[in-house]
Amino acid sequence: MALVWSFLAPSRPQLHWPSASRRQCVTEELSDTIHQAFHIATQGRPGPVLIDIPKDVQFATGSYTEKPKAKVSHYQPKVKGDIETITALVEAMEQAERPIFYTGGGVINSGTHASQLLRELVAETGFPITSTLMGLGAYPASGDNWLGMLGMHGLYEANLAMHGCDLMINVGARFDDRITGRIADFSPNSRKAHIDIDPSSINKVIHADFPIIGDVGHVLEDLLRVWKSRGRKSNAVAVKKWWDQIEEWRAVKCLRYTNSETTIKPQYALERLEALTKDHDRYICTEVGQHQMWAAQYLGFEDPNRWMTSGGLGTMGYGVPASVGVQIAHPDALVINVAGEASWLMNMQEMGTAVQYHAPVKQFILNNERLGMVRQWQELLHGERYSHSWSEALPDFVKLAEAFGCKGIMVSDPNDLDDAIMEMLNYDGPVIFDCLVEKHENCFPMIPSGKAHNEMLLGEAETQGVIGAEGGVLV
């Protein structure tokens, strides 16, 4: 018993539902416990569940409880939102002068129906919409109302709209620190609605004027029904002025960068990848770092579940095994893992899995020979005093690919990039694509740590002294 609980104890902060299966409950409770675990992991806000099955339990014999008979009644998250609060939110939407939808991964977790309802709601209201990193694809990037991603490396127009709105409608997002910036100055003149299935997320960081606990799909269904029943009213004149302001912010073209004729800029590499793959049946995975943010900025997602990335924890090494899994699940699709060389190396052994199972997954490595995001923070925070954020001993990725039995491609000249990408796409098998890019390119736009949404760094911004000690401790 001591061994069971000593194993579980350290994991408790990370778990959705820690559970120990003990020997005395093997006969009747083991299969029931496993069914409960899968139910809890997938219902409500998804999260990991740990079942510790000791060795003697693994070799014991017991009876099997069928899934429909499993005891799951103790965990039934609330899915229907409070209709009075939903109606009050609709009233606020009818009066709002500067509204915005702020959406997150909860929309995608709720299912494809939720994404369809969100799109209908945006079309009905004409309100602008932005999204967190984890919510990309819930609303199409080609949609007229799309402002792009918000947050620390979000688009200028999205962040300024969040700062200047008078009604913020949070749909399945959690107000994390990469979104809020300096909390005291986060969207100071807005009323805020928060739709979330997890009660602990409501009022956890930001006070919600319209707190709605429920599944996004169910709440949006009721929200649309109430909106339509009240005559589909909005403050059209004021919303038009709001869009005029947003168009002025869009005109800044915050994703502009200075290109090069001799060196591949990472932004250019992703622009060309987008242009050459957007018409494919495409799934994008990423590792974690600058490349992840550039991918979110420069690649467009038209549908949910086409973007697999590690948010929250930001787990370097996520992309390679994730992309192999996506390729196995969708054998005829184009699956690309956008990576940095440092993150990619953490789980490179899974290329053996790709080769073994004939998974034609493409590894698109933006190789700057740096821990790019670490280096950027050292530039901003530590006066360009770089420490262990570069590598002079990287492998030859082409030879590494050959060692695994797959194809390797290396490109360093912008003029050769398109042909190299097409060679990758046309190869029927796994590819390691080594794209040598500018070593010290910074990822902008950026809200410096400890700053507000309206204090963004753009383009070739000055990087020295922009983050003080107070902001530095928040990194």
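Residues numbered from 1 in each chain as written. Predicted model: local features only at pLDDT ≥ 70, side-chain atom pairs only at ≥ 80, totals over all residues. Heavy atoms only, no water.

## Side note on the overall build of the protein
Thinking step 1. Scanning the protein from terminus to terminus reveals 19 helices and 14 strands.
Thinking step 2. A compact globule built from 475 residues should have a C-alpha radius of gyration of about 23 Å, and the protein, at 24 Å, falls within 12% of that.
Thinking step 3. Reported as C-alpha extents along the three principal axes, the dimensions of the protein are approximately 70 × 60 × 45 Å.
Thinking step 4. For the protein, the proportion of its 475 residues judged to be buried stands at 52%.
Thinking step 5. Counting contacts in the protein only where the partners sit at least 6 residues apart, residues at least 24 apart contribute 73% of the total.
Thinking step 6. Of the roughly 21500 Å² of accessible surface on the protein, a fraction of 51% belongs to carbon and sulfur atoms. (Helix = DSSP H or I, 4+ residues; strand = E, 2+ residues; numbered from the N terminus. Rg over C-alpha atoms; globule rule 2.2 N^0.38 Å. Buried < 20%, exposed > 50% of the residue type's maximum accessible area, 1.4 Å probe, protein only. Contact = heavy atoms within 4.5 Å. Areas by Shrake-Rupley, 256 points an atom, 1.4 Å probe, with all protein chains shown as cover.)

## A look at unusual backbone geometry
Backbone geometry follows two general trends: most residues other than glycine have a negative phi, and most peptide bonds adopt the trans configuration.
Thinking step 1. Between Phe 444 and the following residue, Pro 445, the backbone shows a cis peptide bond with an omega angle of 0°.
Thinking step 2. Locating Pro 445 in the fold gives a position in the loop between strand S14 (431–436) and helix H19 (469–472).
Thinking step 3. Of note in this structure, His 358 is not a glycine but carries a positive phi near 55°.
Thinking step 4. Relative to the assigned elements, His 358 resides in the loop between helix H15 (351–356) and strand S12 (362–367).
Thinking step 5. The backbone of Glu 384 shows a phi angle near 65°, a positive value even though the residue is not glycine.
Thinking step 6. For Glu 384, the position within the fold is in the loop between helix H16 (372–381) and helix H17 (397–404).

## Let's talk about the confidence of the model for the protein
Thinking step 1. Mean pLDDT over the protein works out to 90, with 91% of the residues at or above the 70 mark.
Thinking step 2. Predicted confidence is poor over residues 1–6, with pLDDT under 50, and the contacts of this stretch with residues over four places away or in other chains come to eight contacts.
Thinking step 3. Within the model, pLDDT remains below 50 along residues 20–25, and this stretch shows 16 contacts once partners closer than five positions in the same chain are excluded. (pLDDT = per-residue confidence, 0-100.)

## What to know about the sheet that holds S14
For sheets, the rule is that strands pair by backbone hydrogen bonds, running either parallel or antiparallel.
Thinking step 1. With respect to topology, six strands assemble into an open sheet ordered S10-S9-S11-S12-S14-S13, the strand pairing being parallel. One side of each edge strand has no neighbouring strand; the edge strands of this open sheet are strand S10 (307–308) and strand S13 (407–411).
Thinking step 2. Packing against the sheet, helix H12 (residues 290–298) makes contact with strand S9 (282–286), S10, strand S11 (334–340) and S12, and its axis sits at approximately 135° to S11. (Pairing = 2+ DSSP bridges. Axes fitted to C-alpha atoms, helices over the stretch in contact; angles between N-to-C directions.)

## Brief notes about the side chain of Arg 375
Thinking step 1. Assignment of secondary structure puts Arg 375 in helix H16.
Thinking step 2. Ignoring anything within four residues of it in the chain, the contact list for Arg 375 reads Gln 290, Arg 370, Tyr 386, Ser 389, Lys 439, His 440, Glu 441 and Asn 442.

## Examining the pairing of S14
Thinking step 1. Counting buried residues in S14 gives five out of six residues, a clear majority hidden from the surface.
Thinking step 2. Note that S12 and S14 share six bridges and pair parallel. Paired with Ile 365 across the bridge in S14 is Asp 434.
Thinking step 3. Taken together, the five bridges between S13 and S14 define a ladder with parallel strand orientation. When the bridges of S14 are listed, Met 410 appears paired with Asp 434.

## Section: the layout of surface pockets
Thinking step 1. The space that makes up the second largest pocket amounts to roughly 540 Å³.
Thinking step 2. Along the wall of the second largest pocket there are 26 residues; nearest its centre are Trp 146, Leu 155, Leu 255, Gln 297 and Tyr 298.
Thinking step 3. Contributing elements (two or more residues each) for the lining of the second largest pocket: strand S5 (146–149), helix H11 (266–277) and H12.
Thinking step 4. For the lining of the second largest pocket, the residue count by class is 14 nonpolar, five polar and seven charged. (1 Å grid on protein atoms, 1.4 Å probe; cavity = no way out; pocket = protein on both sides within 12 Å on 5 of 7 lines; lining within 4 Å. Points joined across faces, edges and corners; volume = space filled by probe spheres on them. Nonpolar A, V, L, I, M, F, W, Y, C, P; charged D, E, K, R; others polar.)

## Thoughts on the state of the cysteines
Thinking step 1. Tallied over the entire structure, the rule returns zero disulfides.
Thinking step 2. For the unlinked cysteine Cys 443, the closest cysteine sulfur is that of Cys 254, found at 11 Å.
Thinking step 3. We classify Cys 443 as buried; its relative accessible area is 0%. (Disulfide = S-S within 2.5 Å.)

## Side note on the packing of aromatic side chains
Thinking step 1. Under the counting rule described, the total for this entry stands at 10 aromatic pairs.
Thinking step 2. Arranged with centres 4.9 Å apart and planes meeting at 50°, the rings of Phe 301 and Trp 307 form a pair that is tilted. Take Phe 301 and Trp 307: they sit in the same class, and that class is buried.
Thinking step 3. Feature note: the residues Phe 101, Phe 127 and Trp 227 constitute an aromatic cluster, connected by ring pairs.
Thinking step 4. In this structure, Arg 282 packs its charged tip against the face of Phe 301, placed 5.8 Å from the ring centre.
Thinking step 5. Directly above the aromatic system of Tyr 283 lies the positively charged group of Arg 306, at a separation of 4.2 Å from the ring centroid. (Phe/Tyr/Trp six-rings, centres within 6.5 Å; stacked < 30°, edge-to-face > 60°. Lys NZ or Arg CZ within 6 Å of the ring centre and 35° of its normal.)

## What to know about the pattern of salt bridges
Thinking step 1. Enumeration according to the criterion identifies 20 salt bridges in this entry.
Thinking step 2. Across the pair Asp 244 and Lys 240 runs a salt bridge whose closest N-O atoms are separated by 3.0 Å. Taken as a pair, Asp 244 and Lys 240 lie in helix H10 (residues 236–250) at a separation of four residues, close to a single helical turn.
Thinking step 3. Note that Glu 379 is salt-bridged to Arg 375, the shortest N-O span being 2.8 Å. With Glu 379 and Arg 375 both in helix H16, this residue pair falls four residues apart, about one helical turn.
Thinking step 4. Looking at Glu 379, the relative accessible area reads 9%, which means it is buried.
Thinking step 5. The buried category is assigned to Arg 375, whose relative accessible area is 1%.
Thinking step 6. Each of the salt bridges in this network shares a partner with another, and the network as a whole consists of Lys 80, Asp 222 and Arg 225. (Salt bridge = Lys/Arg side-chain N within 4 Å of Asp/Glu carboxyl O.)

## A few points about the pairing of strand S6 (residues 167–171)
Thinking step 1. In terms of burial, S6 is a largely internal element, five of the five residues being buried.
Thinking step 2. Alternating positions in S6 separate into two faces, Leu 167, Ile 169 and Val 171 on one and Met 168 and Asn 170 on the other, with burial throughout.
Thinking step 3. Bridge analysis of strand S3 (residues 99–103) against S6 gives five bridges, and the strand direction is parallel. Looking at the pairing, Tyr 102 lines up with Asn 170 of S6.
Thinking step 4. Pairing geometry for S6 and strand S7 (residues 191–196), over five bridges, is parallel. Pairing of Val 171 across the sheet is with Ile 195, part of S7.

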